[in-house]
Amino acid sequence: MVELALRASPPFSKILVAVDRSENSNRALEYTLKLAKLHDSKVTILHVVEPSPSAPETHTAIRAFEIAVEDEARKFLDSLAERAQKEYGIKPELKWQIGHPAKVIVDVAEKTVGADLIVMGSRGLGGFKELLLGSVSHAVVNHARVPVLIVR
Ligand SMILES: Nc1ncnc2c1ncn2[C@@H]1O[C@H](COP(=O)(O)OP(=O)(O)OP(=O)(O)O)[C@@H](O)[C@H]1O
Ligand SMILES: [Mg+2]
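Residues numbered from 1 in each chain as written. Chains lettered and ligands numbered in written order. Predicted model: local features only at pLDDT ≥ 70, side-chain atom pairs only at ≥ 80, totals over all residues. Heavy atoms only, no water.

K.L.:
Sorry if this is basic, but what is going on with helix H5 (residues 135-143) here?
P.N.:
The α-helix advances 3.6 residues per turn, and as a result positions three or four apart in sequence lie on the same side. Buried within H5 we find Ser137, Ala139 and Val140. All buried residues of H5 lie within an arc of 165° about the axis, which places them on one face of the element. In H5, the exposed positions that point more than 90 degrees away from the buried face belong to Ser135 and Asn142. (Buried < 20%, exposed > 50% of the residue type's maximum accessible area, 1.4 Å probe, protein only. Helix = DSSP H or I, 4+ residues; strand = E, 2+ residues; numbered from the N terminus. Arc of directions from axis to C-beta.)

Written out as structure tokens, the structure reads:
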């Protein structure tokens, strides 16, 4: 029975990796690509942009913010996709979104991608390094219903 279930839906079929430009998330991506190569998994790379604290007010200013964010996010994700293709022969799906990082990561993993694994770094770009997990990885581990793999 267990074997049958596993064959119907092998683990690591769809992996979502969350990236924020930190060294930890770089290592999380490397690990994901190695895992995906072994298991022939589909890979989605997700980058979340937090809304600017000095949120633009007018419609034009909001649009300008979105365009700038989109441009930056695309460049970043394209560079990662190029690496995945070159080094691992993997063509990942790329996603970016403006929002609260932990909430978006859990939602996209569970509802949009149907991921069976989330991979992320233990820490990110935040400066305060005393704790093992940053606030984003901590919240995802707490709220996700799919397994989460934390890379240090
Ligand atoms: N904006 C984001 N988009 C996608 N993934 C993210 C984002 N922020 C963090 N992550 C993921 O979460 C991991 C842990 O980062 P986290 O933000 O929790 O730590 P931190 O930056 O050190 O702490 P904090 O943000 O609480 O100051 C990162 O390695 C990355 O995989
Ligand atoms: Mg952070």
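There's more to say after this.
K.L.:
Is there a simple way to think about the packing of helix H4 (residues 101-113) against H5 in this case?
P.N.:
At a closest axis distance of 8 Å, the pairing of H4 and H5 adopts a crossing angle of 40°. By the angle class used here, H4 and H5 are oblique. Helix-helix and strand crossings are classified by hand; for H4 and H5 the assignment is right-handed. Seen from H4, the contacting residues are Pro101, Ala102, Ile105, Val106 and Glu110; seen from H5, they are Val136, Ala139, Val140 and His143. (Axes fitted to C-alpha atoms, helices over the stretch in contact; angles between N-to-C directions. Parallel < 35°, antiparallel > 145°, perpendicular 65-115°, else oblique. Left-handed = near helix turned anticlockwise from the far one by under 90°. Contact = heavy atoms within 4.5 Å.)

K.L.:
Help me out: how do you make sense of the pattern of salt bridges in this one?
P.N.:
One side chain can pair with another of opposite charge once the charged atoms of both are near each other. Tallied over the entire structure, the rule returns ten salt bridges. Here Glu30 and Arg83 are joined by a salt bridge, their closest N and O atoms 2.9 Å apart. Note that Glu30 is positioned in helix H2 (residues 23-39) and Arg83 in helix H3 (residues 59-88), a separation of 53 residues in sequence. Judged by relative accessible area, Glu30 falls into the partly exposed class, the value being 23%. Glu66 serves as the salt-bridge partner of Arg63, at 2.6 Å between the closest nitrogen and oxygen. Of the two residues, Arg63 and Glu66 are both situated in helix H3; the distance of three residues between them amounts to about one turn of the helix. Residue classification places Arg63 among the partly exposed residues on the basis of a relative accessible area of 39%. (Salt bridge = Lys/Arg side-chain N within 4 Å of Asp/Glu carboxyl O.)

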